[in-house]
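# Coordinate inspection notes
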Amino acid sequence: MTKVVIVLGRGTEGCGVTQCAIQMQKVTGATILSANDKKWGRSKGLDIIQTEMSLGKRCQEMIDIVNSYDLCVVYSIPSKSHPQDCQDNFLTFLDGIKIRKAFINVDHKAASIARNANLKEVCEKFDVIMTHSLQNDFAKFMNKNKIMTPITKMSLGFDYDGHRERFWLPIQEQQNNMVRWIGRTAMWKGPNLMIDFHQDELMDNGFITVLEGLEASIQYPLVLYRDNAAVSPVDRRKVMNYFRQEKQYDSHLTKFTSDLYSKEVEGVGAYLYPQYINSDAMERMARSAFGSDLYYLKAAAYGNNIENCHAEIIASGSVPLFHKHFCDNVIHKVQGKPISQCQNSGTLGLDYTNFAECRETMIRLKNDPSMRDDWREMAFEFWKQHSNGVDVVDEIIQLAIETKQNQPRGLEEYFQ
């Protein structure tokens, strides 16, 4: 059996890339080696077994550890905001690795990709690189920079059974009117869509909507206001704002504390909460009738993959509410059709064109626990067929080992 070591060059960020490493570890028993030169607040509450070391101070020791394995899988690299010795030593680290090494890029957006330190030089030191789609921003970066390292598409997998065993609750223990979105303050995660859907359709129909994971970033007006250019009371969304409070509108609210969880009431705007501890959030998700991840990208960028956040909702036992564009463009591996055209998906696809349709379905599910139980079971089986962790990780390991260096990719790509 291939002995795998996973490297998190950026550290334990606590977001999707960390979850990808955890999912691979569950299947392969891999060692996770995480650079701790920078700390991340989102790392709390993750079920991760890892060894943390400093690239800046213990680079050679990390090299020696990695070289005792058969395959090195790098899921992240230091950012430009990491200490300079960490950035520099990562190049030395890669040079010192004598076993086969693969880089899995999970970034979608050009802005995120640009935050990686020495990215061109880093990419040129790998035997193979994997990414979501060969038409995404990362593939375009490689083409633009004439990086000849072989690149291939990969899938994302999730331990549905393990997560279900830990968090899933009987339908009677769920709050039938609770809609829980989890994500962060990035507009391609769809917080604005979730808030607007609640305000326009759910708020007056007995639902409670909670958004968890919002950072108080510079993008906060895009969440709070429908017309960001105006930033006026007329355009401010109806929200219970606990993540970036504004004195003129939110003075009646207390500062966020964890005892606010479960005290939400009907008839008000969506509750906006800051970053969460993952394990605690999953327990709250399991008690919620509906779970939402409204992530959406350009059609060519999905690469047929779901986010770990999508899978967490499904495996926690909530009825999934995903973005319609995502459902229209991701092809199910078994049924061979877009998710929105598949049978028995147990999944709702939402955008601004179908608010009323989604509202009516959610009202029926809210009022009929047997129907809702059937839906969440369908969703679990449907998405497990698409992205079960064991199948996907085995595929990634095979690609990492068998994709050969200098594999022809079509030189015409470099002259586009």
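What counts as what
- Residues numbered from 1 in each chain as written.
- Predicted model: local features only at pLDDT ≥ 70, side-chain atom pairs only at ≥ 80, totals over all residues.
- Heavy atoms only, no water.
- Buried < 20%, exposed > 50% of the residue type's maximum accessible area, 1.4 Å probe, protein only.
- Helix = DSSP H or I, 4+ residues; strand = E, 2+ residues; numbered from the N terminus.
- Right-handed = clockwise from strand over helix to strand, strands pointing away.
- Pairing = 2+ DSSP bridges.
- Axes fitted to C-alpha atoms, helices over the stretch in contact; angles between N-to-C directions.
- Parallel < 35°, antiparallel > 145°, perpendicular 65-115°, else oblique.
- Contact = heavy atoms within 4.5 Å.
- Nonpolar A, V, L, I, M, F, W, Y, C, P; charged D, E, K, R; others polar.
- Salt bridge = Lys/Arg side-chain N within 4 Å of Asp/Glu carboxyl O.

Looking now at the pairing of strand 9 (residues 208–212). Burial within strand 9 is extensive, with five of its five residues counted as buried. Every second residue of strand 9 is oriented toward a common face, with Ile208, Val210 and Glu212 on one face and Thr209 and Leu211 on the other, all of them buried. Crossover handedness for the path strand 8 (residues 175–182) to helix 8 (residues 191–202) to strand 9: right-handed. Bridge analysis of strand 9 against strand 11 (residues 270–272) gives two bridges, and the strand direction is parallel. Of the residues in strand 11, the one forming a bridge with Val210 is Tyr271.

Where helix 7 (residues 160–167) meets helix 11 (residues 278–286), the axes come as close as 10 Å, and the angle between the chain directions of the two elements is 75°. Viewed along their axes, helix 7 and helix 11 adopt a mutual orientation that is roughly perpendicular. In this structure, helix 7 contributes His163, Arg166 and Phe167 to the contact, and helix 11 contributes Ser279, Met282, Glu283 and Ala286. Across the contact of helix 7 with helix 11, the residue classes break down as three nonpolar, two polar and two charged.

This next bit is on the pattern of salt bridges. The final tally for this structure, using the stated rule, is 19 salt bridges. Across the salt bridge formed by Glu52 and Lys39, the nearest N and O atoms sit 3.9 Å from each other. In this pair, Glu52 is assigned in strand 3 (residues 51–53) and Lys39 in the loop between strand 2 (31–35) and strand 3, connecting sequence segments 13 residues apart. Its relative accessible area of 60% is what places Lys39 among the exposed residues. Notably, a salt bridge pairs Asp196 with Arg237, separated by 2.6 Å at the nearest N-O pair. Placement of Asp196 in helix 8 and of Arg237 in the loop between helix 9 (220–224) and strand 10 (239–241) is noted, with a sequence separation of 41 residues between them. When sorted by exposure, Asp196 lands in the same class as Arg237, which is buried.

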